[in-house]
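Structural description and commentary
The residues making up each chain are set out below.
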Amino acid sequence: MTDVSIDTMPVAAAPARRDIGLKARYRAERRFRIYGVLAISVGLIFLAIMLASIVLKGHTAFWQTTVTLPISFDEKVIDPQGERATDPNVLIKANYPKLAENALVAKLGINADDKAAVRKLKGFLSDGARVQLRDIVVSDPSVIGTTRDVEVLVSANMDSAFKGQIDLSVDQARRKVSDQQVAWMNQLKAEGVMAEHFNSGLFTFGASSRPETSGMGVAIIGSFYMMAIVLLLALPIGVAASIYLEEFAKKNRFTDLIEVNINNLAAVPSIVFGLLGLAVFVNFLGMPRSASIVGGLVLTLMTLPTIIIATRAALAAVPPSIRAAALGLGASRMQMVFHHILPLAAPGILTGTIIGLARALGETAPLLLIGMVAFVADYPATPFDPATALPVQIYMWANEAERAFVERMSGAIIILLIFLMAMNITAIVLRRRFERRW
Amino acid sequence: MKRYLLTASAAALVLAGTAGFASARDQIQVAGSSTVLPYAKIVAEQFGETFTNFKTPVVESGGSGAGIKEFCKGVGENTIDIANSSRPIKKDEVQSCIDAGVKEIQEVKIGYDGIVFATDINGPDWALTPEDVYKALAAKIAVDGKLVDNPNTKWNQVNPNLPDWDIAAYIPGEKHGTREVFEEKLLIAGCKKLGGVEAGTASGLDEKGAEAACKAVRKDGKAVDIDGDYTETLARIDSNKTGVGVFGLAFYENNADKLKVATVGGITPSVETIAKGEYPVSRPLFFYVKKAHLGVVPGLKEYVDFFLDDQMVGPEGPLAEYGLVAAPDAERAAQREAFDAGKTM
């Protein structure tokens, strides 16, 4: 019955729908969504390609090949004249590479009198063995005359060959390792004395012209000094400036002008701050070149606008009712700011500061002009000593001719990315944890 | 909170104030040519390892011109001690040094560097002459005694013995120290042999203008200036297998499994042919020492002596191993003598 009634219902009963372009509008929305998804996927694809290429090239940098050799600290090699009691230089100038070579010759079972075979060993072990063995002897001269197992670094070329990065199918004249060296390498590998270990040197060594003994130690310390200086200077100055501008200063043309200038400064290319640093800190104030103090000051100038803008935004986000309540209960304006507004704005301020610091950590351009893009091998004891920074070390390694530096460069990028990610995650966590919404 | 803020800002002021009165520098500072940089790094590192009583020198890169400019800023703790350079210092640079108070400069020649042409390892053999390079890469070339816009688009149009490849050359950019050798030893040399200078003067240029016309590189995209380092050139060749790149000898030797080197004038570039002066495209490398800093900056004299020692710059030393072409024995001895005698420019 009902079916019939529906069937027989006059069509005209439903009012004719006005064409308001609903379909077209839905289509437009669907198109727009597709554009959005495409934009995100393009971004993600490029990010994935970048990360994959860095990780693929760089993960090997965290491993370093070494040979464990029984080094006999032979007095005849170290101190043939027996003068070490009177002349301390003997222990410094001794022929330590010979010790490592002797041990390797014995290990490989080469006849020590076969000079031609011994000469082929050249370039097998790292020249860094000299310093490594010297440090052992100088710190404890009683090892002379004894034999001790030491993990000696192999040269960068052998390291690359061991990791399979050198194409061994090409003629041996065209590559940096000879067939004989490869045979010795396989022999040592079979005996289990030549193996890859975690490359702690990547984090502790300073700059070096030898890939196997170069690391980011100086760069990490330099970056640490600079971040400490930036935090110590930019945070108090930036917060004080924003509190004054936001809470105390009269709103007039002059403060507007200051605000416009701060916003402009935040967008100034960083190299300009480097020029300023060179002119003011190095040439006018006579501060040392290449020192992290100058780098820190330059980066402070660069970070200040970011911190001021973030802090002012955080202060402005605190609702006026809090201010009114504080003042109404008899607090002075300073008490209102420091007891109520600032604690509530703190998460926003910290987030801004961390993001500013992260940006400063990744800067190279301003450091170029104040001489921090340099070869620095010694640890800086104070911020007044020459140092480099993490991104600078990446740049320096990118300019090297040796193949082994390529993996180190990618490894350094991974380390820098981890630092940056840790900082940004801290910022996000702080915001999530402490942010209040009204 | 208030007290904390006050202390923090006071600490900041003290920190900024003390910076002006830094302690005396006890570390040598070097800046300059990126070609000399790897050699200076090797010497600096070994110097630091050998002389444990001195710190390892700090070596900045940035180019010959920039290094000399820093060097000529004056005398004092916050100026550098040594400028590395891949070309001799110019007269006006010496003058600006003198104007700034750097009156005594000691020149030290450390050896030679060669630049080579190289192609992808799988390509055919290449034999170039300065004339070929000029005809392929100059903006205008001499044809029948007249300068015309370079019509060549393929290497075999330049010289029938070269392969049928589109001309694509990756040459050092204009701020590169290597560029001068490239212009001098290839473009101008080739131009002179082919009568480009006469063609230039015939079309109304003076002698200087004609020479400048010789070394003007074509701007139609067939010759690409590389302002970065050789790694970038190598990447270009990787992506364009018929490209020709210009490299330092040391860089080529480190990447000989990827690159094939071209002969120039029939001579294969090698340490031997450059030391003998047979290979045409090579140049001397220098560094300049501020005499006023000798005896003031600890270790400076020892560093230069160590650099000039045969165990460093000699033909068996680590610099030669890296690609530096050692100067002949007599020349090295003369450099040592001149430095010890305190000879200034």
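Residues numbered from 1 in each chain as written. Chains lettered and ligands numbered in written order. Predicted model: local features only at pLDDT ≥ 70, side-chain atom pairs only at ≥ 80, totals over all residues.

A word on the domain arrangement of chain A
Residue and element names in this part refer to chain A. We note that the domain assignment places domain 1 (62-199) and domain 2 (217-434) within chain A. When each unit is reduced to the centre of its C-alpha atoms, the spacing between domain 1 and domain 2 is 45 Å. Listed as interface residues are five residues of domain 1 and, on the opposing side, four residues of domain 2. For the side of domain 1 that touches domain 2, the per-class residue count stands at two nonpolar, two polar and one charged. (Domains from an automatic or database assignment. Contact = placed C-beta atoms within 7 Å. Nonpolar A, V, L, I, M, F, W, Y, C, P; charged D, E, K, R; others polar.)

Some details on the environment of Thr56(B)
Looking at where Thr56(B) falls in the secondary structure, it is placed in the loop between helix 2 (37-50) and strand 2 (58-60). A count of 25 C-beta atoms within 10 Å places Thr56(B) in the buried class. Every residue in contact with Thr56(B), bar those within four places of it in the chain, is listed here: Ala377(A), Asp378(A), Ala44(B), Glu45(B), Phe47(B) and Gly48(B). (Helix = DSSP H or I, 4+ residues; strand = E, 2+ residues; numbered from the N terminus. Buried ≥ 20, exposed ≤ 12 C-beta atoms within 10 Å, placed from the backbone.)

Concerning the interface of chain A and chain B
In this complex, chain A contributes 37 residues to the contact, which on the side of chain B involves 36 residues. Of all the elements in the fold, those that place two or more residues in the side of chain A that touches chain B are helix 7 (129-139), helix 11 (217-248), helix 16 (333-361) and strand 4 (374-375) of chain A. Taken together, the residues of the side of chain A that touches chain B sort by class into 24 nonpolar, six polar and seven charged. Direction of pairing for strand 4 of chain A relative to strand 2 of chain B: antiparallel, over a ladder of two bridges. Residue Phe375(A) lies in a different strand from strand 2 of chain B, and its bridge partner there is Val59(B). (Pairing = 2+ DSSP bridges.)

Remarks on the sheet that holds strand 1 (residues 63-72) of chain A
Residues and elements named next belong to chain A. Strands sit in the order 2-1-3 across an open sheet of three strands; the sheet is antiparallel. With one partner strand each, in any of the chains shown, strand 2 (147-153) and strand 3 (194-198) form the two edges of the open sheet. The sheet shows a mean angle of 40° between the axes of neighbouring strands, taken without regard to direction. Alignment of strand 1 against strand 3, held across five bridges, turns out to be antiparallel. Opposite valine 67, over in strand 3, you have methionine 194 as the bridge partner. Contacting strand 1 and strand 2, helix 5 (residues 96-108) runs over the sheet at an angle of about 90° to strand 1. (Axes fitted to C-alpha atoms, helices over the stretch in contact; angles between N-to-C directions.)

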